[in-house]
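Structural description and commentary
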Amino acid sequence: MAKPNLCQSCGMPMKVPSEYGTEKDGTPSEKFCHYCYQNGKWVQPDLTFDEFYAFSLKKFQESDMNRIEKFFLNKMYTKKFLKKLERWR
Ligand SMILES: [Zn+2]
């Protein structure tokens, strides 16, 4: 695989199996990460788009990215980007 799959809910690149969410029967989800999707359900089904965006941005900013990655994150991780993902179309 040349490109990591992006979670189709929050946009996180999923590189290792533990970052993938799970379906109801416990199989890994191909589309969503484990922060968003577990056991076939959204982890936070009640968040609005705006709330979800703010939550995800904070999650990425608090992760162990280096400064350069965070610089690009702040430029790229926009509402426009999030709206293109399958969950928010
Ligand atoms: Zn996600």
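Since the model is a prediction, treat every value here as computed from it, not as a measurement.

Ranked by internal contacts, the top residues of the largest apolar core, which has 19 residues, are Cys 7, Cys 10, Met 12, Cys 33, Cys 36, Tyr 77 and Leu 82. Counting residues per element, the ones that place at least two in this core are β4 (28-33) and α1 (49-61). Sort the elements by how many residues they give to this core and α1 lands first, with 5 residues. Excluding anything up to four places from it in sequence, Cys 33 contacts Cys 7, Cys 10, Met 12, Met 14, Glu 19, Tyr 20 and Gly 21.

Only Cys 7 (SG), Cys 10 (SG), Cys 33 (SG) and Cys 36 (SG) from the protein coordinate the zinc ion, and they sit 2.3 Å from it. Around the zinc ion, the 4 donor atoms are arranged such that angles at the metal cover 105 to 115°; this shape is classified as tetrahedral. Taken in chain order, the donor set of the zinc ion reads C-x2-C-x22-C-x2-C. Since its relative accessible area comes to 0%, Cys 33 is described here as buried. On the basis of relative accessibility, which here comes to 3%, the residue Cys 36 falls in the buried class.

This paragraph deals with the packing of α1 against helix α2 (residues 67-76). One way to put it is that α1 packs onto α2 with a least axis distance of 10 Å and a crossing angle of 165°. Between α1 and α2, the angle falls in the class roughly antiparallel. In terms of crossing hand, the pair formed by α1 and α2 is right-handed. The segment α1 lies against α2, with Leu 57, Phe 60 and Gln 61 engaging Lys 70, Leu 73 and Asn 74. Class assignment for the residues of the contact of α1 with α2 results in 3 nonpolar, 2 polar and 1 charged.

With that settled, consider the pattern of salt bridges. What the rule picks out here adds up to 3 salt bridges. Residues Glu 86 and Lys 31 are paired through a salt bridge, measuring 3.1 Å at the closest nitrogen-oxygen approach. Of the two residues, Glu 86 sits in the segment after α3 (79-83) while Lys 31 sits in strand β4, which places them 55 residues apart along the sequence. Its relative accessible area of 33% is what places Glu 86 among the partly exposed residues. Lys 31 gets classed as partly exposed once you look at its relative accessible area, which sits at 39%.

Criteria and cut-off values
- Residues numbered from 1 in each chain as written.
- Predicted model: local features only at pLDDT ≥ 70, side-chain atom pairs only at ≥ 80, totals over all residues.
- Heavy atoms only, no water.
- Core = buried A, V, L, I, M, F, W, Y, C linked by side-chain atoms within 4.5 Å.
- Buried < 20%, exposed > 50% of the residue type's maximum accessible area, 1.4 Å probe, protein only.
- Helix = DSSP H or I, 4+ residues; strand = E, 2+ residues; numbered from the N terminus.
- Contact = heavy atoms within 4.5 Å.
- Donors = N, O, S within 2.8 Å, 3.2 Å for Na, K, Ca; no water.
- Tetrahedral: all angles 85-135°; square planar, octahedral: opposite > 155°, others 65-115°.
- Axes fitted to C-alpha atoms, helices over the stretch in contact; angles between N-to-C directions.
- Parallel < 35°, antiparallel > 145°, perpendicular 65-115°, else oblique.
- Left-handed = near helix turned anticlockwise from the far one by under 90°.
- Nonpolar A, V, L, I, M, F, W, Y, C, P; charged D, E, K, R; others polar.
- Salt bridge = Lys/Arg side-chain N within 4 Å of Asp/Glu carboxyl O.

Taken by themselves, the reported measurements are silent on function.
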